[in-house]
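Spelled out from the first residue to the last, the chains are:
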Amino acid sequence: MAGSGIPSLKVDGKGLKVTIVAAQWHKQVMDGLIEGAKRACADAGAQAMTVRVPGSFELPLACKTAAQKADAVVALGVVIRGGTPHFDYVCEAATNGLTQASLLTGTPIGFGVLTCDNEQQALDRAGLEGSAEDKGYEAAEAAMAMVATLEQVGA
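Keep in mind the model is a prediction, meaning the values are calculated, not measured.

Novice: Could you give me a rundown of the UniProt feature "binding site: 5-amino-6-(D-ribitylamino)uracil" (unreviewed entry) in the chain, with the residues and numbers involved?
Specialist: Per the UniProt record, "binding site: 5-amino-6-(D-ribitylamino)uracil" (unreviewed entry) is annotated on W25, S56, F57, E58, V78, V79, I80 and F111. Position of W25 among the secondary structure elements: in the loop between β1 (17–23) and α1 (27–44). On the basis of relative accessibility, which here comes to 58%, the residue W25 falls in the exposed class. Structurally, I80 can be placed in strand β3 (residues 72–80). When near neighbours in sequence (up to four residues on either side) are disregarded, I80 contacts H26, F87, C116, D117, N118, E119 and A122.

Novice: For α1, give the residues involved together with the corresponding values.
Specialist: For α1, built from 18 residues, the straight-helix expectation of 26 Å at 1.5 Å per residue is met to within 8% by its first-to-last C-alpha distance of 26 Å. For α1, the set of buried residues is V29, M30, G32, L33, I34, G36, A37, A40, C41 and A44. Backbone geometry just after α1 places G45 at a positive phi near 85°.

Novice: Break down the environment of G77 for me, citing the residues and quoting the values.
Specialist: Topologically, G77 is positioned in strand β3. Residue G77 is classed as buried on the basis of its relative accessible area, which comes to 0%. When the C-alpha positions of G77 and A122 are compared, they lie 10 Å apart, and in sequence the two are 45 residues distant. With near-sequence residues (within four places) excluded, G77 lies in contact with A23, M30, L33, S56, L59, G112, V113 and L114.

Novice: Requested: an account of the UniProt feature "binding site: (2S)-2-hydroxy-3-oxobutyl phosphate" (unreviewed entry) in the chain, with residues and values cited.
Specialist: Cross-referencing UniProt, the feature "binding site: (2S)-2-hydroxy-3-oxobutyl phosphate" (unreviewed entry) maps to G83, T84 and R125 in the present numbering. A maximum C-alpha distance of 23.3 Å shows the annotated residues, which cover 43 residues in sequence, to be distributed over more than one spot. With respect to the helices and strands, T84 occurs in the loop between β3 and α3 (86–105). Among the structural elements, R125 can be located in helix α4 (residues 119–125). You can call R125 partly exposed: its relative accessible area is 22%.

Novice: Lay out the packing of α1 against helix α5 (residues 135–152) with the relevant residues and their values.
Specialist: As a packed pair, α1 and α5 sit with axes 6 Å apart at the nearest point and diverge in direction by 40°. The pairing of α1 with α5 is recorded here as oblique in orientation. Viewed along their axes, α1 and α5 form a crossing whose handedness is right-handed. Packed against α1, whose contacting residues are L33, G36, A37, R39, A40, C41, D43 and A44, the element α5 presents K135, G136, Y137, A140, E141 and M144 at the interface. Class assignment for the residues of the contact of α1 with α5 results in eight nonpolar, two polar and four charged.

Definitions and cut-offs
- Residues numbered from 1 in each chain as written.
- Predicted model: local features only at pLDDT ≥ 70, side-chain atom pairs only at ≥ 80, totals over all residues.
- Heavy atoms only, no water.
- UniProt positions renumbered as here; feature names shortened; annotations may be inferred.
- Helix = DSSP H or I, 4+ residues; strand = E, 2+ residues; numbered from the N terminus.
- Buried < 20%, exposed > 50% of the residue type's maximum accessible area, 1.4 Å probe, protein only.
- Contact = heavy atoms within 4.5 Å.
- Expected span 1.5 Å × (residues − 1).
- Axes fitted to C-alpha atoms, helices over the stretch in contact; angles between N-to-C directions.
- Parallel < 35°, antiparallel > 145°, perpendicular 65-115°, else oblique.
- Left-handed = near helix turned anticlockwise from the far one by under 90°.
- Nonpolar A, V, L, I, M, F, W, Y, C, P; charged D, E, K, R; others polar.

The structure is reproduced here in structure tokens:
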């Protein structure tokens, strides 16, 4: 099962400014992801703000812009497979775009974009009551951990 082997990052985010950029599709799933990311920031002592974009395709541009002022960014979205290739195009664009945004800005962007075959898989990862995983929390934690990692390597 996904989720096994999750590292314990023990993030110290005191003084960090984190921007959570979240898509609007699939409200219940997104609400869980956002709450998980906010909880991770609070647990680490970071200051978080949330902005919304229409969908996962729009995440890269908003995250790149946010990365110019934030210490870390968290990208949250969900794409559920349908009967057309649209799923593949949106997933690839979001993944490549977020990677480019992070590399171009030098700012960590936590990847919290769920790419699921069905709604139940998304709900299982959304950090809701009864969910097996909390990908919003994990994405925020990873972004904040990378701030410390980049400081260690001299960025």
